Amino acid sequence: MDTSASVPGSSSTFNFLSFDFTAPQPTQDAELLRQLSFIPGLKEMILLRQVHALEHATVWVLSETNSAYAPKSKPTKVQVDNELLGGLSTERGFYLYGEVNISDLRRAVTLGLNRLINGEWDLAVHPRCGTNASVAMLLTAGLAVGVNLLLPFRPIEQLIGLGIAATTAAELAPDLGSIAQRYLTTAIPFNLAIENITLTRDVWGRQGHFVKVRWQD
């Protein structure tokens, strides 16, 4: 499931394992598409990444709106995540599931897009995104195989090793999942324009709102 969120500590440059990830540029995806337009499905992939980021930002803005009406005992800087909201991205737009007023949704989509393209890039990342679950499963499987090969083939050692693998994967998955979202499964939607929002059903029959977008250079 795709949802929206932000991660504290936004930075224009991120260094991880000696790789240098520079800040996103407004023309980078358009230039990439012009140079590699012969690659089948490239535009759809780029669109999906940008829509994915917009979906996340929209749910964050909606979560902020809902929290504004909730009783507050003291000021907090922790960003609120409305777990009743979820989404599913496609290259044509995204589905938004949960109880939401369409006027609030229109405002959230517009505001989320503006905030993303104006530097709030952390809005593209969410801890409940399906990317995190995929990373967790891959880590658990990889570590489990490694432990199985390294430790003696006795039940007690193998069970202890599997426990260590699962615990380690659970600790690493959130951070690695956020990195995967930031640099692989989302992109800042510099090329998206919002067309319309409709109440509809997805391919599985679930009711939700569909936010339709289009590509613009």
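Relevant structure appears above.
Residues numbered from 1 in each chain as written. Predicted model: local features only at pLDDT ≥ 70, side-chain atom pairs only at ≥ 80, totals over all residues. Heavy atoms only, no water.

Looking at the pattern of salt bridges
- Taken as a whole, this structure holds eight salt bridges when the rule is applied.
- Close ionic contact of Lys212 with Glu195 constitutes a salt bridge, the shortest N to O distance being 3.7 Å. Pair noted here: Lys212 is in strand S6 (residues 207–215) and Glu195 is in strand S5 (residues 192–201), with a separation of 17 residues, a long-range link.
- One network of salt bridges, in which partners are shared, links Glu64, Arg115 and Glu120. (Salt bridge = Lys/Arg side-chain N within 4 Å of Asp/Glu carboxyl O. Helix = DSSP H or I, 4+ residues; strand = E, 2+ residues; numbered from the N terminus.)

Some thoughts on the packing of aromatic side chains
- Evaluated as defined, the whole model comprises two aromatic pairs.
- Each ring, one from Tyr95 and one from Tyr97, has its centre 6.3 Å from the other, and the planes form 5°; the classification is stacked. As far as the burial class goes, Tyr95 and Tyr97 line up, both buried.
- Ring centres of Tyr95 and Phe210 lie 4.7 Å apart, and the angle between their planes is 55°; on these two criteria the pair is classed as tilted. Note that Tyr95 is positioned in strand S4 (residues 93–97) and Phe210 in strand S6, a separation of 115 residues in sequence. There is no split in this pair, since Tyr95 and Phe210 are both buried. (Phe/Tyr/Trp six-rings, centres within 6.5 Å; stacked < 30°, edge-to-face > 60°. Buried < 20%, exposed > 50% of the residue type's maximum accessible area, 1.4 Å probe, protein only.)

Quick look at the nonpolar core
- Ranked by internal contacts, the top residues of the largest apolar core, which has 23 residues, are Leu54, Leu62, Phe94, Leu96, Leu105, Val109 and Val211.
- Mapped onto this core, the elements with two or more residues apiece are helix H1 (28–35), helix H2 (42–68), S4, helix H3 (102–117), S5 and S6.
- The dominant element in this core, judged by the number of residues it contributes, is H2, at eight residues.
- Discounting chain neighbours no more than four positions away, the residues touching Leu96 are Val59, Leu62, Leu85, Gly86, Leu105, Gly208 and His209.
- Ala23, Ala53, Ala57 and Leu123 belong to the second largest nonpolar core, which has 10 residues in total. (Core = buried A, V, L, I, M, F, W, Y, C linked by side-chain atoms within 4.5 Å. Contact = heavy atoms within 4.5 Å.)

Comments concerning the pairing of S6
- Relative to S6, S4 runs antiparallel, the two sharing four bridges. Within the sheet, the bridge partner assigned to Phe94 lies in S6 and is Val211.
- Sheet topology note: the S5/S6 ladder contains nine bridges and is antiparallel. Its bridge partner lying in S6, Thr198 is registered against Phe210.
- Connecting S5 to the antiparallel partner S6 that follows it, the hairpin turn spans five residues, and Gly205 within it adopts a positive phi of roughly 85°. (Pairing = 2+ DSSP bridges.)

Examining the sheet that holds S6
- With antiparallel pairing, the four strands of this open sheet are ordered in space as S3-S4-S6-S5. Each end of this open sheet is capped by a strand with a single partner; those strands are strand S3 (86–90) and S5. The mean angle between the axes of side-by-side strands here comes to 20°, regardless of whether they run parallel or antiparallel.
- H3 rests against S4, S5 and S6 of the sheet, and its axis sits at about 150° to S5. (Axes fitted to C-alpha atoms, helices over the stretch in contact; angles between N-to-C directions.)

Note that all results are geometric; they support no functional claim without further evidence.
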